[in-house]
Amino acid sequence: PRLCSPNLQLIEGDAQQLGGTIAFTCRLAENVSSKVRQLDLAKNRLYQAIQRADDILDLKFCTDGVQAALRSEDYEQAAAHIHRYLSLDKSVIELSRQGQEGTITDANLKLLQEAEQQLKRIVTEKFDAAMKQEDLPQVERFFKIFPLLGLHEEGLSNFSKYLCKQVANKAEENLQLALQTDTTDRRAAVLFADTLTLLFEGIARIVETHQPIVETYYGPGRLYALIKHLQAECDQQVEKVVEKFIQQRDYRRQFQHVQSSAMRSAVGEKIEPRELDPILTEVTLMNARSELYLRFIRRRIISDFDVGDSMASEEVKQEHQKCLDKLLNNCFLSCAMQELIGYYITMEEYFMRETVNKAVAMDTCEKGQLTSSMVDDVFYIVKKCIGRALSSSSIDCLCAMINHSIAELESEFREVLGNKLKMGFPATPFQDFQRGVTSAVSLMQSSLQQGKFDPKGIESADEAKRSFLVTLNNVEACSENIMTLKKTLESDCSELLSQGFGGEQARPKLDSCLSDMAAVSSKFRDLLQEGLNELTNSAVKPQVKPWINLFLSVSHNIEEEEFNDYEANDPWVQQFILNLEQQMVEFKAGLSPAIYDSLTSLMTNLVALELEKVVLKSTFSRVRRGRKLTSKANLQARLPSMPVLKSECYFFAHAS
Amino acid sequence: MTSGDGLYAAFSPWGFGGHLVQPLLSARILRASRTNTGSIVEDGDGAPTASRVATGKATNSGQACSLSRNRSGSANWAMKGPLLPVSRDRRISDFPKCYTPEACLQLREDFHAQVRAACQRRNPGTVGLKISKVVVVGDLCVGKTSLINRFCKDVFDRDYKATIGVDFEIERFEIAGVPYSLQIWDTAGQEKFKCIASAYYRGAEVIITVFDLADIQTLDHTKQWLEDALRENHPGSSFVFLVGTKKDLLSEAESERTERDAVRLANEMQAEYWSVSAKTGENIKDFFSRVAVLAFEKSVLMELEKSCSRVVPIGTGNFISIEENVASSQGPRPSNLSCC
């Protein structure tokens, strides 16, 4: 420990010295940093001072510059100076007025304000003059100056005035041209749709051309204001075209004529549906063009807003969206088209109903065809009508037409088919032979007693039978066709929707209408079922029953040798199978495979049921079990020739 | 590239028919958007926009479409969307009361016993996802859209905006634990748009005829509106409601007077009467709950009835099995037995 003590003293001294050094450094650092802070502050102040000085200089410079520029008619330069002045900090101007040279600044400011007013006046005047002379470069020149003077709204409205004038002139010209077009012209039938298209294309082109200028000189988010003005002009021009359309095509009178013809108790001449064809096409075309145009405008404005509102609050965005919706939904164009489409739907429905009625009246069935012409025709018509509604690009119109088509199919057309089925399947001559009725006279009588069909002998009975079977096929085809139509529509519509047509609710709207189609399809299935039941009851059952009853007349109380004999040559089952096959041959030829399968299955059930009853009634010898089995096995072996799995299953299950 | 040059130039030698022309025009517009100066964020070839819109729609409509009627059992293409839980205020467990017993469709104060039982069983076959169609009709400016917007979006817009064509909302409920939806079709009241609106009347389970309590004329017109709507539907297949709107505009005495007339008319129309205000929201929720529950009960009852008397499809009939029959027929015929 003694050795250490002098060292410790040394350390203490060193430590004190170090402490002193550190304290000194610290003080020094603080001093320096406070100096730096002061310097920084001074620098900032200096900058501000320079800025202000610059501003004041600018102000002066502007004042001089404006005068010079105005004198030399360099309005761009003058506007740039004014713009500089307008973007100066107002507090700077206030401050400089308080300074020693306040009076000079005041004078300068006054000069500037005067210059501003003067420039505004000049620019407006020059713009108007350029507009009158339709001098596009000059118009654009002054259009670019407006925003520099803070006159964005005025600039846009003045410019759009110019553009509207262009639109109006062109539209006027086009309409005149259209009205002079010869009726034999290739496009004569869609003349007004074409005129509208030209109008829309003109506006689209204007938007296309001038959007960059507006965006560059007015900033994004201003397109809405421009288009709003343009839309007003567009509406006016559309009004003229639509008015001419209604007048020339006699649209309203045609509509009234359709309305009166559509009344069930309509007297007088009904309007021929075919006459409506061209006008319906033209209206949908007009609407399609409008939708396309509106979609174009909507997209343009939305994307412009998107850029302009990228920093804006949610509320501003919603407000803009609302303005846009209001502009596009409430413009005259939308309303006029909606009105035209409203008439169109009534007329299209009439067209469909009348043509369907015609197809039903002209129904023919070629020999060897399973279905008659009516089904193909009706679905061709329905598809055409819905297709036309689809081509209008209006979801509401399409849904309305789908609804009308469903209603037409579900009520009227189904009723037509249902009524045919209600006439029933006539008793066959074969069956009457069995009952011992041979003469045509008694056949007529029996038919009359049944009261089921108009008896004109065997031929008309055959006719009625064929008609019943064809109707069954028709019902099935309808059910299938509706589902096919639904599928086609689904894919067509998703195409339309993916292009962005229709509002946000377009898809659920369509889904709702399309799902109704499935319901109607199943209604046709129900009808088919009813028809099949009727067929089994009236045609199969009365014949099968006596055949099966014959089973009772065969003795089953048999000995061994008879049994063997039976096995080789069954007295009942072979005849029965022959009869059945004969009976079914007729149906196999006349029914579609699917219906025939259903019928066979119904028939097999019936046979099984009846056979069971009979078997239970019979008396059997001790070989009865084997005998029964062979009978069934025989039946079973033959039945697969009629393609029914059900029957096999049934017999297997019960053969035990 | 200058955008103006020939992009929208009149192309008169068009092919005939809209199908040919439309893609051409739209292609032009899309192309036009591509040639734009580039500062606009519109998607280049239009496809991304389209797909974005489409996917947005799919998820949006997913919930709606999975509820859509699917009687045929065919898969709906928009059924994939996730099914969001029904919001709390759309869960109805108590039977909603009527507005006035003088004109109401159902005096019962609780669910039909059969319906209650079916709901408790939660048998998906009988009580599955259901949807009913509601059609709202009435004169222009009586507040059909406001009525629906107050209920579906809980908003009220003072500005009058005429409905064009038809508007459409799907509102989901959970009634006695069973999911249920109302598909509300809001039609245009203006005469000139009637043609298009009337195409949507068919298959309506509920018809809501709306009139303005402050405008007695609109009440007179409801009869005509109802007649038009009923013409498109099977008789007796729809519930009818008569709704007086803008109750907030009337004093107590005034509204009582109008209500007396309305109740009389409602009885003539076999409708249930309600007075509401979309502005204040008075009775709106109660009214729609009532609509939903009545429609729900009816559809459940119909479903139950159908499952009882369902047509037996081909080949699935119940046949007497041979074993049973042998056993039962052995009794009366002992002689047969003895011979073996």
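Cut-offs used in this document
- Residues numbered from 1 in each chain as written.
- Chains lettered and ligands numbered in written order.
- Predicted model: local features only at pLDDT ≥ 70, side-chain atom pairs only at ≥ 80, totals over all residues.
- Heavy atoms only, no water.
- UniProt positions renumbered as here; feature names shortened; annotations may be inferred.
- Helix = DSSP H or I, 4+ residues; strand = E, 2+ residues; numbered from the N terminus.
- Buried < 20%, exposed > 50% of the residue type's maximum accessible area, 1.4 Å probe, protein only.
- Contact = heavy atoms within 4.5 Å.
- Core = buried A, V, L, I, M, F, W, Y, C linked by side-chain atoms within 4.5 Å.
- Salt bridge = Lys/Arg side-chain N within 4 Å of Asp/Glu carboxyl O.
- Arc of directions from axis to C-beta.

By the naming in an unreviewed UniProt entry, chain B goes by Ras-related protein Rab-36 and is assigned to Python bivittatus. Per its UniProt entry, chain B bears the Subcellular location (unreviewed entry) comment "Golgi apparatus membrane". Of chain B, the UniProt comment under Sequence similarities (unreviewed entry) reads exactly: "Belongs to the small GTPase superfamily. Rab family."

An unreviewed UniProt entry annotates chain A as Conserved oligomeric Golgi complex subunit 4 originating from Python bivittatus. According to the UniProt record, the Sequence similarities (unreviewed entry) comment for chain A reads "Belongs to the COG4 family."

Draft legend 1. Up close: the overall build of chain A. Of the regular secondary structure elements, chain A holds 23 helices and 0 strands. Across the 656 residues that make up chain A, the buried fraction comes to 48%. Across chain A, contacts joining residues at least 24 apart in sequence account for 80% of those joining residues at least 6 apart.

Draft legend 2. How the structure looks around the nonpolar core. Counting residues in each nonpolar core, the largest one holds 200 residues, and the members touching the most others are A:Tyr251, A:Ile402, A:Leu535, A:Phe587 and B:Leu242. Considering each element in turn, this core owes the most residues, 17 residues, to helix 18 (residues 506-553) of chain A. The residues touching A:Ile402, leaving out its near neighbours within four places in the chain, are A:Ile386, A:Leu489, A:Leu510, A:Cys513, A:Leu514 and A:Met517. With 40 residues, the next largest nonpolar core counts B:Val134, B:Phe151, B:Ala278 and B:Ile284 among its residues.

Draft legend 3. Up close: the pattern of salt bridges. Taken as a whole and judged by the stated rule, the model has 39 salt bridges over all chains. As a salt-bridge pair, A:Glu173 and A:Lys170 come within 3.5 Å of each other at their nearest N and O atoms. One end of the pair is A:Glu173 and the other is A:Lys170, both in helix 6 (residues 152-180) and 3 residues apart, which spans about a single turn. Put simply, B:Arg116 and B:Asp110 hold a salt bridge, and the shortest N to O gap is 3.2 Å. B:Arg116 gets classed as partly exposed once you look at its relative accessible area, which sits at 26%. Taking relative accessible area as the criterion, B:Asp110 reaches 39% and is therefore assigned partly exposed. Through salt bridges with shared partners, a single network forms among A:Asp277, A:Glu348, A:Lys384 and A:Arg388.

Draft legend 4. Inspection of helix 3 (residues 113-121) of chain B at higher detail. Residues and elements named next belong to chain B. For helix 3, the full list of buried residues reads Val115, Ala118 and Cys119. Seen along its axis, helix 3 keeps its buried residues to an arc of 100°; they face one direction. The outward face of helix 3, more than 90 degrees from its buried face, is lined by the exposed residues Ala113, Gln120 and Arg121. Of the surrounding elements, those touching the buried residues of helix 3 are strand 4 (178-187) and helix 8 (284-308).

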